[in-house]
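Per-entry structural report
Here is what each chain is made of, one letter per residue.
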Amino acid sequence: MTDVLHPPVAVPSHDDHAHDEHHGPTGILKWITTTDHKIIGLSYTVTSVLMLVIGGLFAEIIRFQLATPNGNLVSLAQYNELFTMHGSVMIYLFAGPFAFGGLANIIVPIQIGAPDMAFPRLNALSYWLYLTGAITMLTGFFTAGGAANFGWVGYAPLSNSINTPGAGADLWIGGLLLTGFSAIFTGVNLTATIFYLRAPGMTMFRMPIFTWNMLVTGLMILLAFPVLTAGLVMLYCDRHFATHIYSVAGGGVPVLWQHIFWFWGHPEVYILALPFFGMATEIIPVFSKKPVFGYKGMVFATLSIAALSLGVWAHHMFTTGVVLLPFFSIMSLLIAVPTGIKIFNWIGTMWRGQLWFSTAMLMAIGFVVTFLIGGLTGIYLASPPLDFFTHDTYFVVAHFHSVVMALVLGGMAGLYYWGPKITGYLLDERLGKVQFWFLFIGTQVFTFPQYLLGLRGMPRRVAVYPHDPQWKMLNQWSTIGAILIGISTLIFVVNVAVSWKKHPAGDNPWDAHTLEWFTTSPPPHHNFYRLPQIRSERPTWDYNHPEHRSLGHGKGAHGTAEEVEAQ
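Residues numbered from 1 in each chain as written. Predicted model: local features only at pLDDT ≥ 70, side-chain atom pairs only at ≥ 80, totals over all residues. Heavy atoms only, no water.

Description of the nonpolar core
- Counting 153 residues, the largest nonpolar core has Tyr92, Trp172, Phe261, Trp346, Phe367, Tyr417 and Trp418 as the members making the most contacts within it.
- For this core, the element with the highest residue contribution is helix α3 (residues 76-111), accounting for 20 residues.
- For tryptophan 418, the contacting residues outside a window of four places in its chain are Leu103, Ile107, Gln111, Phe210, Met279, Glu282, Glu516 and Trp517. (Core = buried A, V, L, I, M, F, W, Y, C linked by side-chain atoms within 4.5 Å. Buried < 20%, exposed > 50% of the residue type's maximum accessible area, 1.4 Å probe, protein only. Helix = DSSP H or I, 4+ residues; strand = E, 2+ residues; numbered from the N terminus. Contact = heavy atoms within 4.5 Å.)

And the structure:
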């Protein structure tokens, strides 16, 4: 099979890349001044994982506070700051930046055969805005009044200057504005890169599912994040310029903030989830030794999720009495259909496959199982009568944490799968599997008691609760689960430390399918020395296994390599 970019005589070997490498700054100056998407993506990944650790520490303190009915580990004011900043760090500073700033930044250009992102300098600006926003938000803890304490959703009128005076809330708003612009710029970059920089032969229906998901995520970012940005600007004006947009006293409407926030917030749930869906869809076929089941079904399910996610925001507002319950209930139930298609396709991919239970595969399966639990409990919350019963109870907390902890499992799957491509070295599989079991079991032990607490009426966002023996026991079990999750995080840090540069990965340790596994590990500055012919959504597999029939989509894509070339 011939190469697309160069004839065989002109292709440098993987051992010869020194002649082709980019020359420029080295050391810390390289990291500060770079516009290389791989280094920027790695900066995003390291920073967001650090945010995961910080947010996890806040969660551990919260759980130890709730292990007893009248806990006094922190004051009531400190508790409000902790649960506000825990949610803010995990949602705004970890899950999104890790997915579309970190792994997508590194992987998407290589998956489509591009030399870099479409706008490299804008890409660098996006990272520095994110880092600055994260620091800005966290510095609230060092102000006289403490960090923001009105919950990560910032509901008006709790977030106005009367109920929440001080600089902490303003720093929270400023941090969100900075990270919001970072996300918008990343969305622009992702969509432009995917539309305009695909390699020859990389048609839309030959793109990997992860790239498809990131394209849809980028478009959703461009639709949703400007709304939140506008809402935050109006909130800041209310706090400092007496505009009364969210104040009844000045003729405003407090519930308007909820409409604006959740119009961003529900697409945001899938802005967070779709990248991790894509990671699972890349990993499961590789470790099942099969192509993905229902490629086009996966693509159209992703597009359906994106479309429906813009019309379900008010299911967070059933108890306000100002939304049309039947419409938003039906829309909320309908969005479960394309999500269910993905679940069945993942199962279909594994069905009768030659399963290889690597750490990445275990994490991906754990993601599917945990997300399924979160999704099924979400169906209950889409029914107004049941939502009235469970609203603002720990049932909602459990549902949301099942979803978010599924994303953590999916993120770990992505790190174990693509880590060798990024660094050139494998993580230790034994430690990885130990980490998986602590993380997976800890997640279930952490969330399941919270479902029961919610059904027994325990409200969310409280630092103390009545001395009910059942509530106490269930909270203690949930705290044990949080400890197991914390141990799993420590095991991951240890794994990175002990595995550093010890286990060379080679270019394609998993015998993977997509284009990023064709280049070296780590890739050169402009990603490729050469490209294979792209005849399906599995070009690396086609190149390495010419004896197998191509399983592409589209006329003329089926047959052996020789048959396709003859066509």
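Quick notes on the packing of aromatic side chains
- In the structure shown here, the tally under the stated rule is 45 aromatic pairs.
- Ring centres 5.3 Å apart and planes at 75° place the aromatic pair tyrosine 44 and tyrosine 127 in the edge-to-face group. Linking tyrosine 44 in helix α2 (residues 37-66) with tyrosine 127 in helix α4 (residues 120-138), this pair joins segments that are 83 residues apart in sequence. Residues tyrosine 44 and tyrosine 127 agree in their burial class; the two are buried.
- When the ring of phenylalanine 436 is compared with that of phenylalanine 440, the centres are 5.6 Å apart and the planes differ by 20°; the resulting orientation is stacked. Here phenylalanine 436 and its partner phenylalanine 440 are both found in helix α14 (residues 429-455), four residues apart, which amounts to about one turn of the helix.
- For phenylalanine 436, a relative accessible area of 3% translates into the label buried.
- The aromatic ring of phenylalanine 205 is capped on one face by lysine 296, whose charged end is 5.1 Å from the ring centroid. (Phe/Tyr/Trp six-rings, centres within 6.5 Å; stacked < 30°, edge-to-face > 60°. Lys NZ or Arg CZ within 6 Å of the ring centre and 35° of its normal.)

Things to note about the confidence of the model for the protein chain
- For the protein chain, the average pLDDT comes to 91, and 92% of its residues sit at 70 or higher.
- In the model, residues 1-20 has pLDDT below 50 throughout and makes 29 contacts with residues more than four positions away in sequence or in other chains.
- Low pLDDT, under 50, characterises residues 551-567; the predicted model gives this stretch 42 contacts beyond four residues in sequence or across chains. (pLDDT = per-residue confidence, 0-100.)

What to know about the pattern of salt bridges
- Scanning the entire structure with this criterion turns up six salt bridges.
- The salt bridge involving arginine 460 is made with aspartate 392; its shortest N-O contact spans 3.9 Å. Of this pair, arginine 460 sits in the loop between α14 and α15 (469-499) while aspartate 392 sits in the loop between α12 (384-390) and α13 (394-423); the two residues are 68 residues apart in sequence, bridging distant segments of the chain.
- Of the residues examined, aspartate 392 reaches a relative accessible area of 33% and is grouped as partly exposed.
- Its salt-bridge partner being aspartate 392, residue arginine 461 comes within 3.3 Å of it at the nearest N-O pair. Here the residue arginine 461 occupies a position in the loop between α14 and α15, and aspartate 392 occupies one in the loop between α12 and α13, the gap between them amounting to 69 residues.
- One salt-bridge network, in which partners are shared between bridges, spans Asp392, Arg460 and Arg461. (Salt bridge = Lys/Arg side-chain N within 4 Å of Asp/Glu carboxyl O.)

Considerations on the side chain of threonine 370
- Among the secondary structure elements, threonine 370 is positioned in helix α11 (residues 359-381).
- A residue is classified by how much of its surface remains accessible, and threonine 370, at 0% relative accessible area, is buried.
- At a separation of 2.8 Å, a polar atom in the side chain of threonine 370 contacts the main-chain carbonyl oxygen of glycine 366.
- Setting aside residues up to four positions removed in sequence, threonine 370 forms contacts with Ser402, Ala406, Leu409, Phe440, Thr443 and Gln444. (Polar contact = N/O pair within 3.5 Å; in protein donor to acceptor, adjacent residues only side chain to side chain.)

A look at a nonpolar patch on the surface
- Together, Ile28, Leu29, Trp31, Ile32 and Trp128 make up a nonpolar patch on the protein surface, roughly 510 Å² of accessible area in all.
- Ranked by residue count, the leading element in the nonpolar patch is helix α1 (residues 27-33), at four residues.
- By secondary structure assignment, the location of isoleucine 28 is in helix α1. (Patch = residues over 30% accessible without salt bridge, like charges linked within 9 Å, V, L, I, M, F, W, Y side chains within 5 Å. Areas by Shrake-Rupley, 256 points an atom, 1.4 Å probe, with all protein chains shown as cover.)

Comments concerning the environment of methionine 331
- Within the fold, methionine 331 resides in helix α9 (residues 325-334).
- Along the backbone, methionine 331 and asparagine 72 are 259 residues apart, and their C-alpha atoms lie at a distance of 43 Å.

What about the packing of α3 against helix α5 (residues 167-196)?
- Orientation of α3 relative to α5, taken along the N-to-C sense of each, is 20°, at an axis distance of 11 Å. It follows that α3 is roughly parallel to α5 by the angle criterion. α3 and α5 meet at a crossing whose hand is left-handed. Here α3 contributes Met85, Ser88, Tyr92, Leu93, Phe100, Ala104 and Val108 to the contact with α5, which in turn contributes Trp172, Leu176, Thr179, Ala183, Thr186, Leu190 and Ile194.
- Split by residue class, the contact of α3 with α5 holds 11 nonpolar, three polar and no charged. (Axes fitted to C-alpha atoms, helices over the stretch in contact; angles between N-to-C directions. Parallel < 35°, antiparallel > 145°, perpendicular 65-115°, else oblique. Left-handed = near helix turned anticlockwise from the far one by under 90°. Nonpolar A, V, L, I, M, F, W, Y, C, P; charged D, E, K, R; others polar.)

Considerations on the packing of α14 against α15
- At a minimum axis separation of 7 Å, α14 and α15 run at an interaxial angle of 160°. In this view, α14 runs roughly antiparallel relative to α15, as classed from their interaxial angle. Classified by chirality, the crossing of α15 by α14 is left-handed.
- Taken together, the residues of the contact of α14 with α15 sort by class into 20 nonpolar, 10 polar and no charged.

A few points about unusual backbone geometry
- Backbone torsion omega between alanine 156 and proline 157 reads 5°, so that peptide bond is classified as cis.
- The peptide bond linking serine 521 to proline 522 adopts the cis configuration, its omega dihedral lying at -5°.
- Among the structural elements, proline 522 can be located in the loop between α15 and α16 (539-544).
- Phi angles above zero are rare outside glycine, and alanine 242 is one such case at about 55°.
- Relative to the assigned elements, alanine 242 resides in the loop between α6 (209-241) and α7 (255-288).
- Positive phi is not limited to glycine here, since asparagine 527 has a value of about 80°.

Some details on α4
- With 19 residues, α4 should cover 27 Å at 1.5 Å per step; its first-to-last C-alpha distance of 28 Å lies within 8% of that length.
- Close packing links the buried residues of α4 with α2, α3 and α5. (Expected span 1.5 Å × (residues − 1).)

A word on the environment of methionine 137
- Its location among the elements puts methionine 137 in helix α4.
- When its relative accessible area of 1% is taken as the criterion, methionine 137 is described as buried.
- A C-alpha to C-alpha distance of 34 Å links methionine 137 and methionine 331, two positions 194 residues apart in sequence.
- Those residues in contact with methionine 137 that lie beyond four places of it in its chain are Met85, Ser88, Tyr92, Leu93, Leu171, Trp172, Gly175 and Leu176.

A look at the side chain of threonine 479
- Its place among the elements puts threonine 479 in helix α15.
- A distance of 2.9 Å separates a polar atom in the side chain of threonine 479 from the backbone oxygen of asparagine 475.
- Dropping the residues within four chain positions of it, threonine 479 is found in contact with Arg63, Phe64 and Ala67.

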